[in-house]
Amino acid sequence: MHHRPAVEIKGLYYAYPDGTAALRGVDLTIEEGESVGIVGPNGAGKSTLLLHLNGILTGHGEVRIFGLPVEKRNLREIRRRVGLVFQDPDDQLFSPTVFDDVAFGPINMGLGKAEVAAAVSRALEEVGIAGMEKRSAYHLSYGQKKRAAIATVLSMNPDLLVLDEPSSNLDPRARNEFSALLQGMRITKILVTHDLPFVFENCDRVVIMSRGKIAADGDSFSILSDEALLSTHGLELPYGFYPVSRHTVPRPSEREVEE
Amino acid sequence: MKHAFLDEYSGLQSPMHRLDPRAKLVGLVALVVICVSTPPDLYAAFAAYLGLELILVLISRLPWKHVLGRMLIVLPFILVVAVFLPFFNKGGGSYNLGPFTVSAHGLLVLWNVAIKSTVSVLAVILLSSTTPFPELLKGLEKLRVPRLLTTIMSFMYRYIFVLSDELQRMRRARDSRGWSGKWLWQAKVIGHMIAALFLRSYERGERVYAAMLARGYDGGLRTIYLYDFGAVELGFVALVTLFPLAARLLAVG
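Remember, predicted model here, so these are calculated numbers, not experimental data. Residue positions within a chain follow its written sequence, with the count starting from 1. Chain labels run from A onward and ligand labels from 1 onward, assigned in the order the entries are written. Note on the predicted model: pLDDT of at least 70 is required for a residue's local features to be given, and 80 or more for side-chain atom pairs to be given and counted; whole-chain, interface and lining totals, by contrast, use all residues. Think of the side-chain values as coming from all heavy atoms in the structure, minus any hydrogens and water.

## A closer look at the side chain of Ser-120 of chain B
Residues and elements named next belong to chain B. Take Ser-120: it is sitting in helix H6 (residues 104–130). For Ser-120, a relative accessible area of 19% gives the class buried. A contact between two residues is defined here by any heavy atoms of the two lying within 4.5 Å. Ignoring anything within four residues of it in the chain, the contact list for Ser-120 reads Val-32 and Val-36. Segments assigned H or I by DSSP are reported as helices when at least four residues long, segments assigned E as strands when at least two residues long, and all are numbered from the N terminus. We call a residue buried when its accessible area falls under 20% of the maximum for its residue type, exposed when it is over 50%, and partly exposed in between, using a 1.4 Å probe and counting protein chains only.

Below, the structure is given as structure tokens:
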């Protein structure tokens, strides 16, 4: 069997119905096991690109997920393998209870009662909110909602986790815990965000999108330490923040956890 | 407003709470139908209905304060209409109460409305206070209520407070910028807010739909039902239908 990357995008173009061009020729390949941050100014086409990964939008060009072309006959399998987590957990969590939300994907996959229940408790356990099955999403804290939103795709046992603005609106502690949670998950990840330190913490590779194209692509350190490159594309590191080589600073998951 | 408003106390533990929602739905609806179709002068039958419900309240360990409070919310609406009937309705003889004349027929109508609404409202309280709303929806679904309806109700339950929070944030933003609501030209602002709320809800709808598609949604909303309709459920349905029926027949006898 020849080599099949997790994501393979070639010459992808997309324009919204009103004519706005959102993607103007995107080429991107992501290997299995990678953790990639996609950054860029508002309106660069990041979220639009995400929606192409599981066929919610389809533009001109080629998109393959683990070798499968994103087209109608593969959608079922692709949507199982790609866990897409939206920015606002209130969009992701639409069922009356957390259980129903986390069970939604597995049930759509056609699993039986017992398997669904097992998948739900495993997913909730994995994101650290075990036992909240019966709660209403409305009553969860924002950090818990974010976790529950990830559980809704983990329960489908995805091979690729795609997160839109994972760190937005989280307080520093929740953000830190969330970061540690992500790093504990050994699966291919794509993060779309403005939060450059979060990307630096969580991703080995950074892709800058600008005006519907990939403007830069490289390892986190070399991209994020290139101030001129960042500012060309409307990005900047937080004041006082300067990335140091990965090996000198432990990531949150490697720091000692205090109880 | 608290989210628990709809189904407060539905998380308690009691034999009533453990029942399959289908049994409660079928049994209590049957009780209401039997009650509503009873002629108003079968007083013993109504005593039996009410007695049965009070026993069910006892079994479900609901606080009396909660039950009475809920009844007080609903009853005035019905009673306000009925309370004037004895004065205007003619026929069936009359009684003199100081300056007022009260017709016997009117009194019977008042009693009829009052007792039937009491029994019905109590049945609704029993159902909603012992069954979490999501479980109730699943019960309805299992009883073949069209999925479109239960889906709409489920989204309503999920998003009504998200929406009201959104509205509240908009209000605060508006008032923080000096909106007083005193002037006619400010009325336009309310129109804009309604439009904004509509647009936001519409867009949220689109995002929710995308989130559903992303998890393999194909048009059918499937859920898992955790209850079994067993002997206890059968017993409950038999009790709340057969007992009132018997009481009614005996009262006629």
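## Details of the nonpolar core
Residues and elements named next belong to chain A. Take the buried residues of types Ala, Val, Leu, Ile, Met, Phe, Trp, Tyr and Cys, join any two whose side-chain atoms come within 4.5 Å, and each joined set is a nonpolar core. Ile-150, Leu-182 and Ile-208 are the most contacted members of the largest nonpolar core, which has 48 residues in total. Counting residues per element, this core draws most heavily on helix H6 (residues 142–154), at 6 residues. If near-sequence neighbours (up to four positions away) are discounted, Leu-182 is found in contact with Ile-150, Leu-163, Lys-189, Leu-191, Phe-198 and Asn-202. Grouped together as the second largest cluster of nonpolar side chains are 47 residues, Leu-12, Tyr-14, Val-26 and Leu-49 included.

## Description of the pattern of salt bridges
Criterion for a salt bridge: a side-chain nitrogen of Lys or Arg within 4 Å of a carboxyl oxygen of Asp or Glu. Using the criterion set out here, one finds 24 salt bridges over all chains in the structure. In this structure, the salt-bridge partner of Arg-80 of chain A is Glu-77 of chain A, at a minimum N-O distance of 3.9 Å. Taken together, the residues span about one helical turn, with Arg-80 of chain A and Glu-77 of chain A both in helix H2 (residues 75–81) at a distance of 3 residues. Since its relative accessible area comes to 34%, Glu-77 of chain A is described here as partly exposed. In this structure, the salt-bridge partner of Lys-145 of chain A is Asp-90 of chain A, at a minimum N-O distance of 3.3 Å. Of the two residues, Lys-145 of chain A sits in helix H6 while Asp-90 of chain A sits in helix H3 (residues 89–92), which places them 55 residues apart along the sequence. With a relative accessible area of 10%, Lys-145 of chain A lands in the buried category. Salt bridges linked by common partners bring Asp-88 and Asp-91 of chain A together with Glu-166, Arg-169, Arg-200, Arg-204 and Arg-207 of chain B together as one network.

## Some remarks on the layout of surface pockets
Both site types are read off a 1 Å grid over the protein atoms alone. A 1.4 Å probe that fits but cannot get out defines a cavity, while an open set with protein on both sides within 12 Å along at least five of seven lines defines a pocket; lining residues have an atom within 4 Å of a point. Grid points are joined across faces, edges and corners, and a volume is the space filled by probe spheres set on the points. Roughly 990 Å³ of internal volume is contained in the largest pocket. Forming the boundary of the largest pocket are 37 residues, of which Tyr-16, Ser-47, Leu-51 and Asp-164 of chain A together with Arg-207 of chain B lie nearest the centre. Contributing elements (two or more residues each) for the lining of the largest pocket: strand E2 (21–30), helix H1 (46–53) and strand E6 (82–85) of chain A together with helix H9 (187–214) of chain B. Sorting elements by how many residues they give to the lining of the largest pocket places H9 of chain B first, with 6 residues. A per-class count over the lining of the largest pocket returns 19 nonpolar, 10 polar and 8 charged. Taken together, 27 residues form the lining of the second largest pocket, with Lys-134 of chain A together with Ser-10, Gly-11, Pro-132 and Glu-135 of chain B sitting closest to its centre. For the lining of the second largest pocket, the secondary structure elements donating two or more residues are helix H4 (98–108) of chain A together with helix H1 (15–18) and helix H7 (133–142) of chain B. In terms of residue count, H7 of chain B provides more of the lining of the second largest pocket than any other element does, 3 residues in total. Residues were grouped as follows: Ala, Val, Leu, Ile, Met, Phe, Trp, Tyr, Cys and Pro as nonpolar; Asp, Glu, Lys and Arg as charged; and all remaining residues, including Gly, as polar. Its residues placed into classes, the lining of the second largest pocket shows 10 nonpolar, 9 polar and 8 charged.

## Considering the sheet that holds strand E10 (residues 213–219) of chain A
Residue and element names in this part refer to chain A. Whether two strands pair comes down to DSSP finding at least two bridges between them. Read across the open sheet, the 6 strands follow the order E6-E7-E8-E3-E9-E10; overall the sheet is mixed. Two strands bound the open sheet, and with one partner strand each, they are E6 and E10. Averaged over neighbouring strand pairs, the angle between their axes works out to 15 degrees when direction is ignored. Bridging between strand E3 (residues 35–39) and strand E9 (residues 205–210) involves 4 bridges; their strand directions are parallel. Paired with Val-39 across the two strands is Ile-208, which belongs to E9. Along the sheet face, H1 touches E3, E6, strand E7 (160–164), strand E8 (188–192) and E9 and points at about 150 degrees away from the line of E7. Throughout, an axis means a line fitted to C-alpha atoms (over the contacting stretch in the case of helices), and angles, computed between N-to-C directions, take values from 0 to 180 degrees.

## Overview of the pairing of strand E1 (residues 94–97) of chain B
All names here are of chain B. As paired elements, E1 and strand E2 (residues 100–103) share 4 bridges and run antiparallel to each other. Its bridge partner lying in E2, Tyr-95 is registered against Val-102. What sits between the antiparallel neighbours E1 and E2 is a turn of 2 residues, in which Gly-98 has the positive phi angle 55 degrees.

## Quick notes on the domain arrangement of chain B
Residues and elements named next belong to chain B. An automatic or database domain assignment provides the domain bounds reported here. Under the domain assignment used here, chain B contains domain 1 (15–140 + 226–252) and domain 2 (146–214). Computed from C-alpha coordinates alone, the two centres of domain 1 and domain 2 are separated by 36 Å. Counting residues at the interface gives 4 residues for domain 1, matched by 4 residues for domain 2. Of the roughly 390 Å² buried between domain 1 and domain 2, counting both surfaces, carbon and sulfur atoms make up 92%. Summed over both partners, the accessible area (1.4 Å probe) lost when two parts come together is defined as the buried area. Contact with domain 2 buries area across many residues of domain 1, yet Phe-133, Leu-137 and Leu-140 alone supply 88% of it, more than any other trio. For the pair domain 1 and domain 2, the number of links is 0 salt bridges. For this analysis, a polar contact is any N or O atom pair within 3.5 Å, provided that within protein one partner can donate a hydrogen and the other can accept it, and provided that sequence-adjacent residues contribute only side-chain to side-chain pairs. Our count for the contact surface shared by domain 1 and domain 2 stands at 0 residue pairs in polar contact (both at pLDDT 80 or more).

## With respect to the interface of chain B and chain A
Taken together, the contacts link 30 residues of chain B with 33 residues of chain A. For the pair chain B and chain A, the summed buried surface comes to about 2700 Å²; carbon and sulfur atoms form 58% of the total. By the criterion of area lost to chain A, the three top residues of chain B are Arg-158, Arg-215 and Ile-224 of chain B, representing 31% of everything that side buries. On inspection of chain B and its partner chain A, the count reaches 6 salt bridges.

## Structural notes on the packing of H4 of chain A against helix H5 (residues 113–126) of chain A
All names here are of chain A. Taken N-terminus to C-terminus, the directions of H4 and H5 make an angle of 120 degrees; their axes are 9 Å apart at the nearest point. Classified by the angle their axes make, H4 and H5 are oblique. Note that H4 runs across H5; the crossing there is right-handed. Between H4 and H5, the residues in contact are Val-98, Phe-99, Val-102, Ala-103, Pro-106 and Ile-107 and Val-116, Ala-117, Ala-119, Val-120, Ala-123 and Leu-124, respectively. Here the contact of H4 with H5 is composed, by residue class, of 12 nonpolar, no polar and no charged. Roughly parallel here means an angle under 35 degrees, roughly antiparallel means over 145, roughly perpendicular means 65 to 115, and every remaining angle is called oblique. Handedness of a crossing follows from how the near helix is turned relative to the far one, being left-handed for an anticlockwise turn of less than a right angle and right-handed for a clockwise one.

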